[in-house]
Structure formats: C-alpha cells, structure tokens
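Structural overview for review
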2 protein chains.
Amino acid sequence: MSPAPRTTRQRTAVADLLSRVDGFRSAQELHELLRREGASVGLTTVYRHVQALADAGEVDVLRHEDGEAVYRRCASPAHHHHLVCRACGRSVEIEGPAVERWTSQVAAEHGFTDVQHTLEVFGTCADCA
Amino acid sequence: MSPAPRTTRQRTAVADLLSRVDGFRSAQELHELLRREGASVGLTTVYRHVQALADAGEVDVLRHEDGEAVYRRCASPAHHHHLVCRACGRSVEIEGPAVERWTSQVAAEHGFTDVQHTLEVFGTCADCA
DNA sequence: CAGCAACTGACAACCGTTGTCAAAACCAGG
DNA sequence: CCTGGTTTTGACAACGGTTGTCAGTTGCTG
Ligand SMILES: [Zn+2]
Ligand SMILES: [Zn+2]
Ligand SMILES: [Zn+2]
Ligand SMILES: [Zn+2]
C-alpha cells in the first residue's frame, strides 16, 4: 500500500494556501502566490503536491478552455459540480441529483458502462459583472 | 468581412474524413489517418482546418482528460452533449432540456451572468466492454 | 544520533499546439 | 489560356504547461 506522505514545509504551504484561497487556481498561480508570501516552493514541488491532493480527492481539478489545469479545495467531499467565474475564478459548489440520475440513465440506455461525467457551469459573477 | 475559404484538396480531405469517422479524434489522429489513406496533409494544415471547422460550429470540440483536443462532426447543429466511449471514442449525441434549465437557474440564483456550461458523459460502450 | 528512505528543486525533456515564412496552389481579370 | 495577386500549404522552430531526472537535502525511526 502507499506509504504515508511526510509533512514537510512545502506540503503544508501548498495545502494551507489551497485552504485559504477561494476559487480555482493553476499550479503556476499557486507557485507565484507562495513566492510572494515568502514561503517559496519550487514549481515542480507545487505540481507534485497539487496532483497528490487531487489523487487523494482532497482538491478538485478542472481544465480551463486552453487546457490548463486549475485546482481548488472544496468544502464538500461528496460528488458535486461548480459554478465558476470566468474572470476571477471564484466558484460555488452545486449539486443536481436530477442530473446525476439523467446521466446514468441515458448512458445505460445506450449500453455504456463505467460511467462518469463532467459538468461545469461558467459565467461572470456579480462582483465581476 | 471574412473572405470565403478556398476549396483545396487538403480542406476537402479533412472535412470528408471528419464526415466519415465516427467518434472524437485528435488532430494528430486525423493527420495519421489521412497519411494512411494516401491523401497526405501537413499536420499544421490539419490543425488549421480542424480549428476553422470548430470556429464555424461545424465540428464539436472537447478535451480528453490530459487536455488534448478532440474533434467530431455531429449530426445535430443544435446545442447538445455527448456520451463518449473512453476506449474507442465512439459517441452519441444526447440532449437534456432539464439540465439546460437547471444550469441557467442555479447560475441566476447565484448572480452569475453570461452563463455557459460543459457536460460530457464518459463510459465504455457495449462493443468495447 | 545515525542511517535510510522520502522529498526537493533546478534543469532538461516532452508533447500538443501555434507562429513563421518561403514555396505552391487558387482564382479572377485580361 | 496566361498572369498577377492573394490565399494556402507545410517543414520547421518556438511556445507553454507539464513531467522526468538526479544529486543534494530533510524527515523520521530505531
Ligand atoms: Zn468573479
Ligand atoms: Zn455529477
Ligand atoms: Zn467503444
Ligand atoms: Zn447543454
């Protein structure tokens, strides 16, 4: 089984930052924020931790239109989706039981198995409008 | 205004291939398929046409988990989503009026404007299972 | 206080994609 | 048909986000 990860200054710094920040941020943005705070962490290391957290399900990942991955620590550990501001990245966790039902139903109708889905809603938030 | 694009061998080859192929394919896959058919087209040119078709709304684009863009000529010009096979790329166009209503409603509730959404369903199709 | 395994980070490599630009192909107008 | 200009093409280089490398550092355990 996987060995427990060590608690290093860098790991803590990345995890803490993700807890403090509101909205989805790219690895490079997080790297830059850390550098400004003085708690400098190598870019490679930021990538590693951010991915480890994603694998552990502690942060959510989604992709910008250009393919860049952005990360966010969400309040809910349960399956949910996001309403994301295009301008500032701020986001709201949303749930839609009806959508969940619909996706698995339509997939079954077409004989698909191992079904997953991605659903994100993008817009401009009130502050950015 | 934009000048009408010329009908060249390459443009026709890419458009035809997209019409014949069932499922989402990357620019590189399309390039390779064309090369095998003998109708060789430069990779750069494939990228250009595939993007032009996407801009014109004639093909749908979505992104694989790793960020690679894949393209497909869909039967319906109207807004729709996809049920995509992870293994072979084959896909079915799906519509969910309820989902459309739900997304705009929840976005409005949170004061978001200019709302768009992405929704794709991934699974393993019957043939690939 | 070892001593070893895990972690770090500067750097290079990777890969999909986009920019460049000279050569080739289209398409009027003559 | 030619011919001139405009568009298109494609080999190649550059780009940007991400991942691999590996020697040096750091936590942790015994
Ligand atoms: Zn905003
Ligand atoms: Zn869901
Ligand atoms: Zn399949
Ligand atoms: Zn929709």
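One structure accompanies this document, and this report is about it. Note that this is a predicted model, so its numbers are computed, not measured.

Moving on, we come to the nonpolar core. In this structure, Leu83(A), Ile94(A), Phe112(A), Leu83(B), Ile94(B) and Phe112(B) are the most contacted members of the largest nonpolar core, which totals 22 residues. Setting aside anything within four residues of it in sequence, one finds Leu83(A) in contact with Arg90(A), Ser91(A), Val92(A), Ile94(A), Val121(A), Val106(B), Ala107(B), His110(B) and Phe112(B).

Turning to helix α2 (residues 27-37) of chain A, a few remarks are in order. Think of an α-helix as turning once every 3.6 residues; residues three or four places apart then point the same way. Residue and element names in this part refer to chain A. Turning to α2, its buried residues are Ala27, Leu30, His31 and Leu34. The arc that holds the buried residues of α2, viewed along the axis, is 100°, so those residues lie on one side. Lining the buried residues of α2 we find α1 (9-20), β1 (25-26), α3 (43-55) and β3 (69-72). Trailing α2 by a residue or two, glycine 38 shows a phi angle of about 95°, which is positive.

Moving on, we get to the coordination of the zinc ion (ligand 4). Residues and elements named next belong to chain B. Looking at the zinc ion (ligand 4), the protein donor atoms are His79 (NE2), His81 (NE2), Glu100 (OE), Glu100 (OE) and His117 (NE2), and they sit 1.9 to 2.5 Å from it. In the primary structure, the donors to the zinc ion (ligand 4) are separated according to the pattern H-x1-H-x18-E-x16-H. Highlighted residues: histidine 79 in the loop between β3 (69-72) and β4 (81-85) and glutamate 100 in helix α4 (residues 97-109), separated in sequence by 21 residues. In this structure glutamate 100 comes out as partly exposed when scored by relative accessible area, which is 22%.

This paragraph deals with the environment of Gln116(B). Relative to the elements of secondary structure, Gln116(B) occurs in strand β6 (residues 113-124). By relative accessible area, Gln116(B) is classed as exposed at 51%. Those residues in contact with Gln116(B) that sit more than four places away from it in its chain are Arg86(A), Glu120(A), Val121(A) and Phe122(A).

As a structural note, the neighbourhood of DNA strand C is formed by 21 residues, with Thr8(A), Arg48(A), Tyr47(B), Gln51(B) and Ala69(B) the closest of them. Among the atoms of DNA strand C lying within 4 Å of the protein, the sugar-phosphate backbone contributes 63%. Taking Gln10(A), its side chain carries an N or O atom lying 3.0 Å from a sugar or linking oxygen of DNA strand C. A distance of 2.7 Å separates a phosphate oxygen of DNA strand C from a polar atom in the side chain of Tyr47(B). Those elements giving two or more residues to the surface near DNA strand C turn out to be α1 and α3 of chain A together with α3 (43-55) of chain B. Split by residue class, the surface near DNA strand C holds four nonpolar, ten polar and seven charged.

Opposite the 35 residues of chain A that make contact, chain B presents 36 residues. For the pair chain A and chain B, the two sides together bury roughly 2,800 Å², of which 66% comes from carbon and sulfur. Looking at the side of chain A facing chain B, the largest losses of area belong to Leu83(A), Trp102(A) and Phe112(A), adding up to 22% of the total buried there. Between the two partners, chain A and chain B, sit zero salt bridges. For the pair chain A and chain B, the interface holds twelve residue pairs in polar contact (both at pLDDT 80 or more). Broken down by secondary-structure element, the contributors of at least two residues to the side of chain A that touches chain B are β4 (81-85), β5 (91-94), α4 (97-109) and β6 (113-124) of chain A. The element contributing the most residues to the side of chain A that touches chain B is β6(A), with twelve residues. Its residues placed into classes, the side of chain A that touches chain B shows 17 nonpolar, eleven polar and seven charged. For β6(A) and β6(B), the ladder comprises nine bridges, and the chain directions are antiparallel. In the sheet register, Gln116(A) faces β6(B), and the bridge partner there is Phe122(B).

Take the coordination of the zinc ion (ligand 1) next. All names here are of chain A. Around the zinc ion (ligand 1), the protein contributes the donor atoms Cys85 (SG), Cys88 (SG), Cys125 (SG) and Cys128 (SG), which lie 2.2 to 2.5 Å from the metal centre. Around the zinc ion (ligand 1), the four donor atoms are arranged such that angles at the metal cover 102 to 131°; this shape is classified as tetrahedral. Mapping the donors of the zinc ion (ligand 1) onto the primary sequence yields the spacing C-x2-C-x36-C-x2-C. Pair noted here: cysteine 85 is in strand β4 and cysteine 128 is in the segment after β6, with a separation of 43 residues, a long-range link. Overall, the relative accessible area of 2% leaves cysteine 85 in the buried class.

Each value, and the rule that gives it
Residues numbered from 1 in each chain as written. Chains lettered and ligands numbered in written order. Predicted model: local features only at pLDDT ≥ 70, side-chain atom pairs only at ≥ 80, totals over all residues. Heavy atoms only, no water. Core = buried A, V, L, I, M, F, W, Y, C linked by side-chain atoms within 4.5 Å. Buried < 20%, exposed > 50% of the residue type's maximum accessible area, 1.4 Å probe, protein only. Contact = heavy atoms within 4.5 Å. Helix = DSSP H or I, 4+ residues; strand = E, 2+ residues; numbered from the N terminus. Arc of directions from axis to C-beta. Donors = N, O, S within 2.8 Å, 3.2 Å for Na, K, Ca; no water. Near = heavy atom within 4 Å. Polar contact = N/O pair within 3.5 Å; in protein donor to acceptor, adjacent residues only side chain to side chain. Nonpolar A, V, L, I, M, F, W, Y, C, P; charged D, E, K, R; others polar. Buried area = accessible area lost by both parts, 1.4 Å probe. Salt bridge = Lys/Arg side-chain N within 4 Å of Asp/Glu carboxyl O. Pairing = 2+ DSSP bridges. Tetrahedral: all angles 85-135°; square planar, octahedral: opposite > 155°, others 65-115°.

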